[in-house]
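# Structural characterization, general
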Amino acid sequence: MFKIVMSQDTDDGEPESTSSSELQIKAPLLADVGILEAPSWSVEGAFDPNDIGKSMSQRLCHWGPLLAIFLIVTIGMSATIVFFHTWPPLDTLLGFINLIVFFTWNYMSLTNFLQATRFGGGFVKLGWKPENPALHKKLQYCPLCEGHKAPRSHHCARCNRCVLKMDHHCPWLNNCVGHRNHALFVKFCFFSIMGCFHAAAFLIKNIVVTIYLLYYADKTTRILPHDLPITDIQTMIAALTGATLSLGVCIAVIPLLYIQLWSVYHNMTYIEDYIVSKAEARRRYEKFPFVYPYNLGWRRNVLEVLANGTFPKGNGIWWPIRADCTQFTFSEEQIAQKELKSRHARIRTIAIGYNGGKFLGLLRLGCYAFFCQPLTDGRRVEVKAGEKWAITRGSKFWVYAKKVEKQSYVDAEGAVQYAFVGTDHLARGWFPRVCLEVAKTE
Ligand SMILES: [Zn+2]
Ligand SMILES: [Zn+2]
């Protein structure tokens, strides 16, 4: 259905192909509608700055933060060893400045990383309800936190809490990236790239010069050991270790920083980008534009996130928005998308049980289920033969579904009707498609 609609909306740039209906679905410009500042509605009971979920020691006892700290410390130490060896900071002013600049990158990476890990995105208080009951139906409800979701917040399955302006759950932080630590996370990415680039450039240059002089330089010229940038094997090992790790970090973190800068530029998180793409497809079909409420122009977007010291501006609950939207435009769109998704869900019966594991239990269900797992760490869910599940999306070998039960009700005309209703909000997640009963659709 959407395919036909989207093909009408091809952006081929030819004026004669632009029909009046396509012109109608263009949203007005921000310059024409202006910005509404965040309302001063109470946030008491919505967010507690001292509630950081787990303690710092619990956050750090995980492979992600341990590996990140190991990399920062190892790159810092190995580069420092080579700096002292080849460009002694106490002998020349430039050597001293070089070391201080490198230490600044290294120190800023570590402190921003630790703060981002500690604070996380900020959690919506469990069981939160806006004071005004009229707002309840405009916000999404989180059955797991037993409270309403603030605009832009999402439930993180890993943190098991609703996170303010959630971007993604970062395994390196062992915490979410969201409203509170967005600036810290962007700064961490920036400083670690600068530090690794600095280290990699210096170390690689000295490794290359040393190898060149030792093996390829004209053998008739006498090269004394003190002419070599690196003169002993221990320093060479430090240089090789530092160069390899810092190159690896650069390759891994540059795309991450690019995505984060895109997100700051548009004031749109990774999750919101996905929801907006679905909203736009839906609205193209309905022939009126979806307006993303939080994009306030890039200068303002950047200021909202980066320019207020440690934490971004705002309380993370109510937001400055485009004046042609409300605080609830985005939440209402999400509610509409969820209703649409559950209307289009397919009810299927389970034929083969699955224990919800990622490893041995899966091999029993075949190689495809084992090797073609979905590329998400979304939860795998246990299913038992005979149960009914409502499937909302899937890949060739896996499906995402929630468990439903057939319930009867009496309609307005007094007739008994049946509906499939989700009863257990924990019973949702991914399982292999082979578990489904073959070709039996209800
Ligand atoms: Zn929640
Ligand atoms: Zn999380």
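Residues numbered from 1 in each chain as written. Chains lettered and ligands numbered in written order. Predicted model: local features only at pLDDT ≥ 70, side-chain atom pairs only at ≥ 80, totals over all residues. Heavy atoms only, no water.

Per an unreviewed UniProt entry, the chain goes by Palmitoyltransferase and derives from Panagrolaimus superbus. Reading the Sequence similarities (unreviewed entry) entry of the UniProt record for the chain gives the comment "Belongs to the DHHC palmitoyltransferase family." (UniProt positions renumbered as here; feature names shortened; annotations may be inferred.)

Attention now moves to the coordination of the zinc ion (ligand 2). Around the zinc ion (ligand 2), the donor atoms from the protein are Cys156 (SG), Cys159 (SG), His169 (ND1) and Cys176 (SG), and they sit 2.1 to 2.3 Å away. One can describe the donor arrangement at the zinc ion (ligand 2) as tetrahedral, given that its four donor atoms subtend angles of 102 to 117° at the metal. Overall, His169 belongs to the buried group, its relative accessible area being 17%. (Donors = N, O, S within 2.8 Å, 3.2 Å for Na, K, Ca; no water. Tetrahedral: all angles 85-135°; square planar, octahedral: opposite > 155°, others 65-115°. Buried < 20%, exposed > 50% of the residue type's maximum accessible area, 1.4 Å probe, protein only.)

On to helix α10 (residues 298-306). Among the residues making up α10, those that are buried are Arg300, Asn301, Glu304 and Val305. End-on, the buried residues of α10 take up no more than an arc of 125°, which puts them together on one face. Looking at the packing, one finds that the buried side of α10 touches β1 (35-36), α7 (182-216) and α8 (233-266). (Helix = DSSP H or I, 4+ residues; strand = E, 2+ residues; numbered from the N terminus. Arc of directions from axis to C-beta. Contact = heavy atoms within 4.5 Å.)

Along the chain, Lys54 turns up in the loop between β1 and α4 (56-60). In this structure, the C-alpha to C-alpha distance between Lys54 and Tyr409, residues 355 residues apart in sequence, is 44 Å.

The next thing to look at is the pairing of strand β9 (residues 346-350). Most of β9 is tucked away: four of the five residues are buried. Here four bridges tie β9 to strand β10 (residues 388-394), and the two strands are oriented antiparallel to one another. Opposite Thr349, over in β10, you have Lys388 as the bridge partner. (Pairing = 2+ DSSP bridges.)

Donor atoms from the polypeptide that coordinate the zinc ion (ligand 1) comprise Cys142 (SG), Cys145 (SG), His155 (ND1) and Cys162 (SG), at 2.0 to 2.3 Å from the metal. Going along the chain, you hit the donors of the zinc ion (ligand 1) in the pattern C-x2-C-x9-H-x6-C.

Glancing now at the UniProt feature "transmembrane region" (unreviewed entry) in the chain. Following the UniProt record, one finds the feature "transmembrane region" (unreviewed entry) at residues 66-87, 93-110, 188-215 and 235-259. End-to-end, the C-alpha atoms of residues 66-87 are 31 Å apart, and along that stretch the chain is 95% helix and 0% strand. Along residues 188-215 one finds 100% helix and 0% strand; the C-alpha atoms at either end are 40 Å apart.

What follows covers the packing of helix α5 (residues 63-86) against helix α6 (residues 93-119). Orientation of α5 relative to α6, taken along the N-to-C sense of each, is 170°, at an axis distance of 11 Å. What the angle tells us is that α5 and α6 run roughly antiparallel. Counted together, Pro65, Ala68, Ile69, Ile72, Ile75, Gly76, Ala79, Thr80, Phe83 and Phe84 of α5 and Asn98, Leu99, Phe102, Phe103, Asn106, Ser109, Leu110, Phe113 and Leu114 of α6 form the full contact between these two elements. (Axes fitted to C-alpha atoms, helices over the stretch in contact; angles between N-to-C directions. Parallel < 35°, antiparallel > 145°, perpendicular 65-115°, else oblique.)

Residues Lys278, Lys338, Lys341, Arg393 and Arg428 make up a contiguous surface patch of positive charge. In this fold, Arg393 is placed in strand β10. (Patch = residues over 30% accessible without salt bridge, like charges linked within 9 Å, V, L, I, M, F, W, Y side chains within 5 Å. Areas by Shrake-Rupley, 256 points an atom, 1.4 Å probe, with all protein chains shown as cover. Salt bridge = Lys/Arg side-chain N within 4 Å of Asp/Glu carboxyl O. Lys, Arg positive; Asp, Glu negative; His and termini not counted. Charge placed at Lys NZ, Arg CZ, Asp CG, Glu CD.)

A few words now on the pairing of strand β11 (residues 398-410). Relative to β11, β10 runs antiparallel, the two sharing six bridges. From the neighbouring strand, Ile391 faces β11, where its bridge partner is Ala401. Counting the residues that bridge the hairpin from β10 to β11 gives three residues. The pairing of β11 with strand β13 (residues 428-432) spans five bridges and is antiparallel. Bridge pairing in β13 links Val399 to Phe431. Relative to strand β12 (residues 416-422), β11 runs antiparallel, the two sharing seven bridges.

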